[in-house]
Amino acid sequence: MKALRFHAAKDLRIENIDQPPAPGPGQVVIRNRYVGICGTDLHEYASGPIFVPTDAHPFTGATSPQVLGHEFGGEVIAIGDGVTKVTIGDRVSVQPLIMPRSDEYFADRGLFNLSGSLALVGLSWISGGMSEMALLNDYNVEKIPDSMSDEEAALVEPTAVCVYACDRAGITAGDSVLVTGAGPIGMLALLCARAYGATRLFVSDLNETRLELARKIVPGVITINPKTDNIGDVVRAHSQDGVGCDIALECVGNEHALQSCLDAIRKQGVIVQTGLHPGKGSIDFFQLTFKDAEIRGSWCYPTHSWPRTIDLISSGAVPASRVVTKKITLDRAVSDGFDALLDPAGSELKILIDLAS
């Protein structure tokens, strides 16, 4: 079958590889339909390996070359012994976290995303979404309703990241929320915050094209370009009594963005760090203490959130498909996908690869 595999930084290859083996007990094989190119995939391409193991992964045994892609869905075409949650022909969304299911501190508490042995389909597993088929565990697939499109199935994973960030923030009806970064996660975070009841939304980004997209995707959002405006000043100018926003979701992974979040939130406000920082970074801890504020991390998502996220999308509460700006074929994935998304002009947002074309 055809697959896109990571070999090294700037070395992605479209190759013919073996089809997945027959599923063992508790496993399924799916025919992939759509897969999204994630920021994590871009980081691997630009400067990896980062999450792709260079030696055998301690839990899964996976190593490079690795089929990329962890934002995807498809149709079940084979099931192993003991599989009852799906049947052949079911359309599914893939929850890509792979980890021990018991006999480990976090696994025994149902906190699978915090497992020290965590692996990820498309980064440290035998299969990935950027291929025609994938072998998965039964706990990695969730049946989707008829009302959900195949494209939306590939958007459940990034949306789940944002759902968890909103959960960590404790967003409630009437809250004001700042999102730093108008990339796919930032846009989905805005849509999720609105679904949670936030009534005043702000987004900051250095790219005017992204800010224009934000105004189309999330009508009514107040956009801020730090090149020309101070984020905190704009937020306070549009906040009740000028105190700042209730919540800030940092979706860049940048210490300047994090400091802007701290400046923009009101006293006793909450910051949720969603983007991954490449270095240690710094923050004004005097302001953190003086504001009696909180900074909370948000790592992946609880695996049990998949049905809930599917419902949010399929019901229309979170119109995730708005973030998709282009669909491409696997043969064009590097030039029209990875390279396009790394273009500083930032004219594309979320690109889906159509595995059926």
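Structure: above.
Residues numbered from 1 in each chain as written. Predicted model: local features only at pLDDT ≥ 70, side-chain atom pairs only at ≥ 80, totals over all residues. Heavy atoms only, no water.

## Considerations on the nonpolar core
Counting residues in each nonpolar core, the largest one holds 95 residues, and the members touching the most others are Ile30, Leu136, Ile171 and Leu249. Tallying contributions element by element places helix H4 (residues 156-169) first for this core, with nine residues. If we ignore the near neighbours within four places in the chain, the residues touching isoleucine 171 are Cys166, Val177, Ala193, Tyr196, Ala198, Ile247 and Leu249. Counting 17 residues, the second-largest nonpolar core is a separate cluster that includes Val234, Cys245, Leu258 and Ile265. (Core = buried A, V, L, I, M, F, W, Y, C linked by side-chain atoms within 4.5 Å. Buried < 20%, exposed > 50% of the residue type's maximum accessible area, 1.4 Å probe, protein only. Helix = DSSP H or I, 4+ residues; strand = E, 2+ residues; numbered from the N terminus. Contact = heavy atoms within 4.5 Å.)

## Describing helix H8 (residues 255-264)
Within the span of H8, buried status applies to Ala257, Leu258, Ser260, Cys261, Leu262 and Ala264. Where H8 is buried, its residues meet strand S11 (176-180), helix H7 (231-237), strand S14 (245-250), strand S15 (265-273) and helix H9 (285-290). Where H8 begins, the capping side chain belongs to asparagine 254, and its oxygen is found 2.7 Å from the backbone nitrogen of histidine 256. (Polar contact = N/O pair within 3.5 Å; in protein donor to acceptor, adjacent residues only side chain to side chain.)

## Things to note about helix H5 (residues 184-195)
Here H5 spans 17 Å end to end across twelve residues, near enough to the 16 Å set by a 1.5 Å rise per residue. For H5, the buried fraction is high: nine of the twelve residues fall into the buried class. For H5, the full list of buried residues reads Pro184, Gly186, Met187, Leu188, Ala189, Leu190, Leu191, Cys192 and Ala193. Taken together, the buried residues of H5 touch H4, S11, strand S12 (200-204), helix H6 (208-217), S14 and strand S18 (350-354). Following H5 by one or two positions, glycine 197 adopts a phi angle in the positive range, close to 110 degrees. (Expected span 1.5 Å × (residues − 1).)

## Brief notes about the packing of aromatic side chains
Summed over all chains, the structure comprises four aromatic pairs. Here tyrosine 45 and phenylalanine 338 contribute two aromatic rings whose centre-to-centre distance is 5.4 Å and whose plane-to-plane angle is 70 degrees, an arrangement assigned as edge-to-face. A residue pair is termed long-range when its members are at least 10 positions apart, and tyrosine 45 in helix H1 (residues 39-47) and phenylalanine 338 in helix H11 (residues 333-342) qualify at 293 residues. Phenylalanine 338 gets classed as buried once you look at its relative accessible area, which sits at 0%. Positioned above the aromatic ring of tyrosine 139 is the side chain of arginine 101, whose terminal nitrogen or guanidinium carbon lies 4.0 Å from the ring centre. In this structure, arginine 109 is placed above the aromatic ring of tyrosine 105, and the distance from its NZ or CZ to the ring centre is 3.7 Å. (Phe/Tyr/Trp six-rings, centres within 6.5 Å; stacked < 30°, edge-to-face > 60°. Lys NZ or Arg CZ within 6 Å of the ring centre and 35° of its normal.)

## A word on the side chain of serine 93
In this fold, serine 93 is placed in strand S6 (residues 91-94). One polar contact links serine 93 to tryptophan 306, side chain to side chain, over a distance of 3.1 Å. Those residues within four positions of serine 93 in sequence are excluded, and the remaining contacts are Phe72, Gly73, Asn140, Val141, Glu142, Ile144, Ala153, Val156, Trp306 and Ile310.

## Side note on the packing of H4 against H5
A pair of packed helices is characterised by two quantities: the angle between their axes and the separation of those axes. One way to put it is that H4 packs onto H5 with a least axis distance of 9 Å and a crossing angle of 55 degrees. Viewed along their axes, H4 and H5 adopt a mutual orientation that is oblique. Classified by chirality, the crossing of H5 by H4 is right-handed. Listed contacts from H5 to Pro158, Thr159, Val161, Cys162, Val163 and Cys166 of H4 are Ile185, Leu188, Ala189, Cys192 and Ala193. Split into classes, the residues belonging to the contact of H4 with H5 amount to ten nonpolar, one polar and no charged. (Axes fitted to C-alpha atoms, helices over the stretch in contact; angles between N-to-C directions. Parallel < 35°, antiparallel > 145°, perpendicular 65-115°, else oblique. Left-handed = near helix turned anticlockwise from the far one by under 90°. Nonpolar A, V, L, I, M, F, W, Y, C, P; charged D, E, K, R; others polar.)

## Re unusual backbone geometry
Glycine 48 connects to proline 49 through a cis peptide bond whose omega is 5 degrees. With respect to the helices and strands, the residue proline 49 is situated in the loop between H1 and strand S4 (66-67). Backbone torsion omega between serine 64 and proline 65 reads 0 degrees, so that peptide bond is classified as cis. If you trace the backbone, proline 65 turns up in the loop between H1 and S4. In this structure, glutamine 268 is a non-glycine residue whose phi angle is positive, near 65 degrees. Structurally, the position occupied by glutamine 268 is in strand S15. The residue cysteine 300 is not glycine, and still its phi comes out positive at about 55 degrees. Among the secondary structure elements, cysteine 300 is positioned in the loop between strand S16 (294-297) and helix H10 (306-314).

Taken by themselves, the reported measurements are silent on function.
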